[in-house]
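For reference, the chains in residue letters:
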Amino acid sequence: MTILVTGGAGYIGSHAVRILRQAGRDVVVVDNLFRGHREAVPGDVSLYECDLLETARLSEILTHHSVAAVVHFAALAYVGESVTDPLTYYRNNVGGTVSLLQAMQAANVKRIVFSSTCATYGEPDVFPMNESLPQAPINPYGRSKLMVEQVLKDLVAADPEWAVTAPRYFNVAGCAEDGSIGEDHQPETHLIPLVLQTALGQRPAITVFGDDYPTPDGTCIRDYIHVDDLCLAHLRALEHLHPGEFRAYNLGIGRGFSVREVIESARRVTGCEIPEVMGKRRPGDPPQLFADSSKAQRELGWKPRFVELDDILATAWRWFSKHPHGYAST
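Residues numbered from 1 in each chain as written. Predicted model: local features only at pLDDT ≥ 70, side-chain atom pairs only at ≥ 80, totals over all residues. Heavy atoms only, no water.

A.B. asks: I keep staring at the side chain of Asn93 and nothing clicks. Help me out?
C.D. replies: Turning to its location among the elements, Asn93 is positioned in helix α4 (residues 86-106). Polar side-chain contacts of Asn93 include one of 2.9 Å to the backbone nitrogen of Leu76. Among all residues touching Asn93, those that are not within four sequence positions of it are Ala75, Leu76, Tyr141, Ser144 and Val148. (Helix = DSSP H or I, 4+ residues; strand = E, 2+ residues; numbered from the N terminus. Polar contact = N/O pair within 3.5 Å; in protein donor to acceptor, adjacent residues only side chain to side chain. Contact = heavy atoms within 4.5 Å.)

Right, here's the structure in full:
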């Protein structure tokens, strides 16, 4: 079975390619390399530098490789950027996905796992967060993902041959255990890479954005899921696609860690002091977000393997210490 992975040269997509191949799947990658890295894709995997809006070319790729299903990661994913440049986000995330779906329909490929996000829920006040919560995103990024979910629901309703699953995941962290591929974003906005870059001396200090939240230590709490666990869930989702159904699953470890806990964990793992400075709260930062992933565990037979913060950070540190400048280090 050949699987097309869109965004397969990105952080999550490259790890998904690895997991899929370990499971015996043939993989083809489509990535426009805007924020992906050619070096993250194994040399023996077909990589097409192709934009999602190139509908006809996508259809040709799907047909040429006899693709059976698509795992769709390709998206822009910076919340702040989506606020200042919403048109680009809607064009890429929504328009690009519609183009992909048109290509799939032309090639008669009607099985897709769509990478969604907990950002579709907005700012809930019920924890842990399950799939029945209202979806009320508060930024264009979250709204773009919710729009795609609606498109997929409408597609299944119109044609019951379509089989769709949308994992909604929380904060993705960690890197491949052997340190061969990892996280390399420009610009970097994720907490764990920023903390580790501080440990490497690439940043003077890590900024804590607010310590007066209604949490035990006053800093925001987030659910960190290891990238390999996330990708394994996507593999399980592929194996449990059901024609005529749209399914959604929250993916997380079911508990949250505060910003201070992340910094302390990084100090233990790296052995570095890691200076910190206090900053003001960022607008729209909920005090806490963590998942109820029991539905995914029950229906997909999936369970996260990395549940301790030190273990997650250790895999990330292995990558960052070996590749202090990301893929440019190689």
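A.B. asks: What should I look at first to understand the packing of aromatic side chains in this one?
C.D. replies: For any two aromatic rings, the description comes down to two numbers: the centre-to-centre distance and the angle of the planes. Counted by the stated rule, this structure contains two aromatic pairs. Ring geometry for Trp319 versus Tyr327: centroids 4.9 Å apart, planes at 55°, classification tilted. With respect to burial, Trp319 and Tyr327 carry one shared label: buried. Here the basic side chain of Arg281 rests over the ring of Tyr213, its NZ or CZ set 3.9 Å away from the ring centre. Its end group placed over the ring of Tyr249, Lys295 keeps NZ or CZ at 5.1 Å from the ring centre. (Phe/Tyr/Trp six-rings, centres within 6.5 Å; stacked < 30°, edge-to-face > 60°. Buried < 20%, exposed > 50% of the residue type's maximum accessible area, 1.4 Å probe, protein only. Lys NZ or Arg CZ within 6 Å of the ring centre and 35° of its normal.)

A.B. asks: What is the right way to read the sheet that holds strand β13 (residues 257-258) from this model?
C.D. replies: Strand pairing within a sheet occurs via backbone hydrogen bonds; the two strands may be parallel or antiparallel. Strands sit in the order β13-β10-β15 across an open sheet of three strands; the sheet is mixed. Strands with a single pairing partner mark the edges of an open sheet, and in this sheet they are β13 and β15 (288-289). Where strand β10 (residues 221-222) meets β13, two bridges bridge the pair, whose relative direction is antiparallel. Paired with Arg222 across the bridge in β13 is Phe257. (Pairing = 2+ DSSP bridges.)

A.B. asks: Explanation requested: helix α6 (residues 191-199) in the structure shown.
C.D. replies: Along an α-helix, residues three or four apart share an orientation, since each turn contains 3.6 residues. For α6, the tally of buried residues reaches nine of nine residues, placing the bulk of the element in the interior. As for α6, its buried residues are in contact with β8 (171-173), β9 (206-209), β11 (224-226), α8 (259-270) and α10 (309-322). Downstream of α6 by one or two residues, Gly201 has phi in the positive range, about 80°.

A.B. asks: Whenever I open this one, the packing of α6 against α10 confuses me. Can you help?
C.D. replies: Packed helices, taken two at a time, are described by the angle between their axes plus the distance between the axes. Contact pair α6 / α10: the axes reach a minimum separation of 10 Å and the direction vectors enclose 55°. Taken together, the axis directions place α6 and α10 in an arrangement best described as oblique. Crossing of α6 against α10: the hand is right-handed. Residues Ile192, Pro193, Leu196, Gln197 and Ala199 of α6 lie in contact with α10, whose contacting residues are Leu313, Ala316, Trp317 and Phe320. Here the contact of α6 with α10 is composed, by residue class, of eight nonpolar, one polar and no charged. (Axes fitted to C-alpha atoms, helices over the stretch in contact; angles between N-to-C directions. Parallel < 35°, antiparallel > 145°, perpendicular 65-115°, else oblique. Left-handed = near helix turned anticlockwise from the far one by under 90°. Nonpolar A, V, L, I, M, F, W, Y, C, P; charged D, E, K, R; others polar.)

A.B. asks: Any chance you could explain the packing of α4 against helix α5 (residues 140-158) here in plain terms?
C.D. replies: Their axes nearest at 9 Å, the elements α4 and α5 cross at an angle of 20°. By the criterion of interaxial angle, the relationship of α4 to α5 is roughly parallel. Judged by the twist between their axes, the crossing of α4 over α5 is right-handed. The segment α4 lies against α5, with Pro86, Tyr89, Tyr90, Asn93, Val94, Thr97, Val98, Leu101 and Gln105 engaging Pro140, Tyr141, Arg143, Ser144, Met147, Val148, Val151, Leu152 and Leu155. Of the residues belonging to the contact of α4 with α5, the class tally is 13 nonpolar, four polar and one charged.

A.B. asks: So what exactly am I meant to see when it comes to the pairing of β9 here?
C.D. replies: Two faces belong to every sheet, and in a regular strand the side chains alternate between them. Side chains Ile206 and Val208 of β9 all project onto a buried face; the interleaved residues Thr207 and Phe209 project onto a face where none is buried. In terms of strand pairing, β9 meets strand β14 (residues 276-279) through four bridges, oriented parallel. Bridging from a neighbouring strand, Ile206 pairs with Glu276 of β14.

A.B. asks: In this structure, what is going on with the pattern of salt bridges? I would like to understand it.
C.D. replies: Side chains that differ in charge, positive against negative, can pair when their charged atoms come close. Within the structure shown, the criterion is met by 22 salt bridges. Between Lys110 and Asp159 there is a salt bridge, and its shortest N-O distance comes to 2.7 Å. In this pair, Lys110 sits in the loop between α4 and β5 (111-114) while Asp159 sits in the loop between α5 and β7 (163-169), placing the two residues 49 residues apart along the sequence. When the shortest N-O distance is used, the salt bridge between Arg282 and Asp285 registers 3.0 Å. On the accessibility criterion, Arg282 (40% relative accessible area) is partly exposed. Three or more residues joined by partner-sharing salt bridges are found here, namely Asp211, Arg260, Glu264, Arg267 and Glu276. (Salt bridge = Lys/Arg side-chain N within 4 Å of Asp/Glu carboxyl O.)

A.B. asks: Quick question: what am I supposed to make of helix α1 (residues 11-22) here?
C.D. replies: The end-to-end C-alpha distance of α1 is 17 Å, a good match for the 16 Å that twelve residues give at a rise of 1.5 Å each. Along α1, nine of the twelve residues are buried, which leaves the element largely enclosed by surrounding structure. Among all positions of α1, only Tyr11, Ile12, Gly13, Ser14, His15, Ala16, Val17, Ile19 and Leu20 are buried. Packed against the buried residues of α1 are β1 (2-6), β2 (26-31), β7, β8 and α7 (227-239). The positive-phi residue at the C-terminal boundary of α1 is Gly24, with phi of around 90°. (Expected span 1.5 Å × (residues − 1).)

Treat this as a map of the structure, not an account of what it does.
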